[in-house]
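# A closer look at the structure
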Amino acid sequence: MFDVFKSISLSHKTAPLAVRELIALNEDEAKRLMLRLRDILGLTELLVVSTCNRTEVYYTASEDHNATIARLLLIEKGLTDTDAYLPYFQQIPDHTQAVRHLFEVCVGLHSQVIGDMQIPNQVKQSYQWSADLDMAGPFLHRLMHTIFFTNKRVAQETSFRDGAASVSYAAVELIDELLGERSNPNVLVVGLGEIGADVCRNLTNRHVSNITICNRTRSKAEELAQELQVRVADFDQLATEIQQADVIISAVQRDEPLFTPALLRDVTVLTYKYFIDLSVPRSVDAAVEQIPGVLVYNIDHIRARTDEALNRRLASIPQVEAIISQSTAEFGDWSKEMMVSPTINKLKNALEQIRKEEIARHLKHLSPDESERMDKITKGIMQKVLKLPVLQLKAACKRGEAETLIDVLNDLFNLDGQPTSAADTASHY
Ligand SMILES: NC(=O)c1ccc[n+]([C@@H]2O[C@H](COP(=O)([O-])OP(=O)(O)OC[C@H]3O[C@@H](n4cnc5c(N)ncnc54)[C@H](OP(=O)(O)O)[C@@H]3O)[C@@H](O)[C@H]2O)c1
């Protein structure tokens, strides 16, 4: 019988930014946690999703390890007072709910800006971590591929992905609001990973003309500058660039703040200077806000901005949910079939054993041609004999009545001693 899917989730719905940034995992930390969970709890199928909005662990196990996993995660982040942080985690021990939760997260139903287009890629990256560590088994593979297919359906069949209501778009809208009256504002974008580059594209789409971009790795900035025709600044000239800018958007991924009072020591603020900090953990030190004239907006300020695209997305939610329901039902049928797969393999092995023994008994009286024909004929008979019980088993699975049938087959064919593995699986019948 296959293990059951479960998960823990800490997200913008359950925890403030200050807690989320303490718990966010980078790739190394996520992989270290996964190995620890494997060693301590014996988990073999694991998915760790960590974005600025959520840190989640999904796993298959017959036992509920949710609280232990949350504690180990906290300890991995150096937070030893685990009781204090445990209430921020939503624990989902129910298989169906955990599967549904992952579908909804991946599609973007739970994103801060609903329908966010970044999340499918972030989950794909998490899936890659599982694959790297050999922790994506048949269940997770099938689940992830069903989810990616569902995502495609949502994009093609609904308006849920139309328009640009992403975090980066919301940030650009905020700039519009802040600088509405100012002509030709200078906008500096620091950090040109996925989100920073997306912000730049949205800015140029909105015809903001004075854009300067800056990245630790300059070549990345130059590549983007060529695409968008914007100016590139040196990363070690950051203080000078901040001096020139009206708005600084930061999307750097680092553990310590990049924008500190020390960096801004020589910057004079004549009029308002706005920092829009998209990073988690925050890249703008809270003390920067104490500088007169400086205003800092962080990711929690980037709220869903109600524009036409967003409204269209909201209106299409029932359609998205219906697609997810269809996909989870199909996946549920597959999961249930997986339950009977070992019995089918055992039955097949038992019959195959009888077939081979009988052929072996008659082999010496047969020519090579005859023995080949005999092999073909008996294989054909075996497949026909197996077909009906396999179909009945699968049908019983869908009705949730497979266990009685499994017991009957075990007794009738004495399957307990048979190996469960076989070259062929249930799906071949
Ligand atoms: N992706 C999203 O949907 C999303 C949404 C909201 C907020 N965020 C937050 O935005 C930040 C960036 O996310 P992302 O997805 O764009 O990440 P990403 O694609 O991995 O890019 C990371 C960026 O941070 C820079 N960086 C890394 N370490 C640095 C360091 N020590 N000093 C200076 N720069 C450094 C990288 O520069 P190099 O090119 O030199 O490596 C790169 O520009 C994260 O804090 C994330 O939590 C992301």
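Residues numbered from 1 in each chain as written. Predicted model: local features only at pLDDT ≥ 70, side-chain atom pairs only at ≥ 80, totals over all residues. Heavy atoms only, no water.

In the annotation of an unreviewed UniProt entry, the entry for the protein chain reads Glutamyl-tRNA reductase, and the organism field reads Fibrivirga algicola. The heading Catalytic activity (unreviewed entry) in the UniProt record of the protein chain holds the text "(S)-4-amino-5-oxopentanoate + tRNA(Glu) + NADP(+) = L-glutamyl-tRNA(Glu) + NADPH + H(+)". In its Function (unreviewed entry) section, the UniProt entry covering the protein chain states "Catalyzes the NADPH-dependent reduction of glutamyl-tRNA(Glu) to glutamate 1-semialdehyde (GSA)." (UniProt positions renumbered as here; feature names shortened; annotations may be inferred.)

## Remarks on unusual backbone geometry
A cis amide bond, omega 0°, links V280 with the succeeding residue P281. Mapped onto the elements, P281 comes out in the loop between β9 (273–277) and β10 (294–298). The phi torsion at N414 lies on the positive side, around 50°, for a residue other than glycine. Position of N414 relative to the elements: it lies in the segment after α15 (402–413). (Helix = DSSP H or I, 4+ residues; strand = E, 2+ residues; numbered from the N terminus.)

## Focus on the nonpolar core
Of all hydrophobic cores here, the largest spans 34 residues; its most connected members are V189, L203, I213, I249, I276 and L278. Broken down by element, the residue count for this core peaks at seven residues, all from helix α8 (residues 167–178). In this structure, I249 is in contact with I175, V187, L188, V189, V190, V199, L203, I276 and L278, ignoring residues within four places of it in sequence. Counting 33 residues, the second largest nonpolar core, distinct from the first, contains L102, V107, L109 and L140. (Core = buried A, V, L, I, M, F, W, Y, C linked by side-chain atoms within 4.5 Å. Buried < 20%, exposed > 50% of the residue type's maximum accessible area, 1.4 Å probe, protein only. Contact = heavy atoms within 4.5 Å.)

## Regarding the sheet that holds strand β8 (residues 247–250)
Taken in spatial order, the six strands of this open sheet run β7-β6-β5-β8-β9-β10, and their pairing is parallel. Both outer strands of the open sheet, β7 (231–233) and β10, are each paired with one neighbouring strand and no more. Taken over all neighbouring pairs, the strand axes of this sheet differ in orientation by 20° on average, direction set aside. On the sheet, helix α9 (residues 194–205) packs against β5 (186–190), β6 (210–214) and β8 and is oriented at approximately 155° with respect to β5. Packing against the sheet, helix α10 (residues 218–228) makes contact with β6 and β7, and its axis sits at approximately 170° to β7. (Pairing = 2+ DSSP bridges. Axes fitted to C-alpha atoms, helices over the stretch in contact; angles between N-to-C directions.)

## A look at helix α13 (residues 317–362)
Given 3.6 residues per turn, any residue in an α-helix points the same way as the ones three and four places further on. Between its first and last C-alpha atoms α13 spans 65 Å; for 46 residues at 1.5 Å apiece the expected length is 68 Å, and the two agree. Most pronounced at V340, the bend in α13 amounts to some 40°, and the proline P342 follows within four residues. (Expected span 1.5 Å × (residues − 1). Bend = angle between axes of the 7 residues up to and from the residue.)

## Topic: the confidence of the model for the protein chain
Keep in mind that low pLDDT regions are not for reading the predicted coordinates in detail. Within the protein chain, residue pLDDT values average 88, and 95% of them lie at 70 or more. Ignoring residues within four places in sequence, the model shows residues 423–429, a span with pLDDT below 50, making 15 contacts including any to other chains. The ipTM assigned to the predicted complex is 0.97, against a pTM of 0.62. (pLDDT = per-residue confidence, 0-100.)

## Description of the site of the ligand
Close to the ligand lie 22 residues, the nearest being N215, T217, K220, Q253 and L278. K220 has a polar side-chain atom sitting 2.6 Å from an oxygen atom of the ligand. Within the contact set of the ligand, an oxygen atom lies 2.9 Å away from a backbone nitrogen or oxygen of V280. Summarising the interface, the protein chains cover 82% of the accessible area of the ligand, which totals 900 Å² for the free molecule. (Near = heavy atom within 4 Å. Polar contact = N/O pair within 3.5 Å; in protein donor to acceptor, adjacent residues only side chain to side chain. Areas by Shrake-Rupley, 256 points an atom, 1.4 Å probe, with all protein chains shown as cover.)

## Side note on a negative patch on the surface
Taken together, the side chains of E403, D407, D411 and D416 make up a negatively charged region of the molecular surface. One can find E403 in helix α15. (Patch = residues over 30% accessible without salt bridge, like charges linked within 9 Å, V, L, I, M, F, W, Y side chains within 5 Å. Salt bridge = Lys/Arg side-chain N within 4 Å of Asp/Glu carboxyl O. Lys, Arg positive; Asp, Glu negative; His and termini not counted. Charge placed at Lys NZ, Arg CZ, Asp CG, Glu CD.)

## Describing a nonpolar patch on the surface
A grouping of I377, I381 and V385 is seen on the molecular surface, where their side chains present a nonpolar patch of about 280 Å² in accessible area. Structurally, I381 is set in helix α14 (residues 368–399).

## Quick notes on the environment of M339
Looking at the element boundaries, M339 is found in helix α13. Between the C-alpha atoms of M339 and E403, which are 64 residues apart in sequence, the distance is 9.3 Å.

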